[in-house]
Each structure stands twice: as C-alpha cells, then as structure tokens.
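Secondary and tertiary structure notes
Residues per chain are reported as follows:
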Amino acid sequence: MASEDHALEAAAAALREAQEAVHTARRKLTAAVVTAYRAGEPAARIAERTGTSVIDIRNLLAATRTSRRR
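This text gives an overview of the structure that appears in the document. Because the structure is a prediction, the values reported are computed rather than measured.

1. Section: helix 3 (residues 54-63)
All of the buried residues along helix 3 are Ile-57, Leu-60 and Leu-61. Take helix 3 and look down its axis: the buried residues cluster within an arc of 95 degrees, on one side only. In helix 3, the exposed residues that point more than 90 degrees away from the buried face are Ile-55, Arg-58, Ala-62 and Ala-63. Of the residues one or two after helix 3, Arg-65 is the one with positive phi, at around 55 degrees.

Take a look at the structure:
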C-alpha cells in the first residue's frame, strides 16, 4: 500500500510539473507569434511555421488584442 501511495503522489507531482511546462511553452509561443505578426509576417505563414491552423493563430492574436500597429 505504501508503494502505491508513493506512486500516486509521484504521478500527481509529475502532472503538475508538466502542466506548468505547458503553460510556460504557451506563453513563449504567444509572445513569438505576436512578435512575428507585428513584424509583418502573415498569419498564414506563422501557422505554417508553428504547425497550427490560421484560425488558431488569428484566435491567439484576437485574444491578445494584437494588431500590426502596436
């Protein structure tokens, strides 16, 4: 029973660490997308380079209220 409790706690800790890493990666990707877009790169090209859809990129830009003017 004790080994099962340890395995459960270890798995939960690993999940928390992975979630934190995903959040960090998303913030970095968002910053990179915004920077590329403001530098004049088209949303379609950003989507191609990141392996996402144009809709995902446009949604990200809308969520961050990003325009080329800033």
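2. Describing the nonpolar core
With 10 residues, the main nonpolar core is built from Val-33, Val-34, Ala-36, Tyr-37, Ala-43, Ile-46, Ala-47, Ile-57, Leu-60 and Leu-61. Put simply, the parts of the chain that give this core at least two residues each are helix 1 (2-38), helix 2 (43-50) and helix 3. Residues contacting Ala-43, with those up to four places away along its chain left out, are Tyr-37, Val-54, Ile-57 and Arg-58.

3. As for the environment of Ile-55
Inspection of the secondary structure assignment puts Ile-55 in helix 3. The sequence separation of Ile-55 and Ala-43 amounts to 12 residues, and the corresponding C-alpha distance is 8.8 Å.

4. Remarks on helix 2
For helix 2, every residue scored as buried is listed here: Ala-43, Ile-46 and Ala-47. Buried positions in helix 2, seen along its axis, are confined to an arc of 100 degrees and lie on one side of it. The exposed residues of helix 2 that point more than 90 degrees off its buried face are Glu-48 and Arg-49. At the exit of helix 2 stands Gly-51, carrying a positive phi of roughly 70 degrees.

What counts and what doesn't
Residues numbered from 1 in each chain as written. Predicted model: local features only at pLDDT ≥ 70, side-chain atom pairs only at ≥ 80, totals over all residues. Heavy atoms only, no water. Buried < 20%, exposed > 50% of the residue type's maximum accessible area, 1.4 Å probe, protein only. Helix = DSSP H or I, 4+ residues; strand = E, 2+ residues; numbered from the N terminus. Arc of directions from axis to C-beta. Core = buried A, V, L, I, M, F, W, Y, C linked by side-chain atoms within 4.5 Å. Contact = heavy atoms within 4.5 Å.

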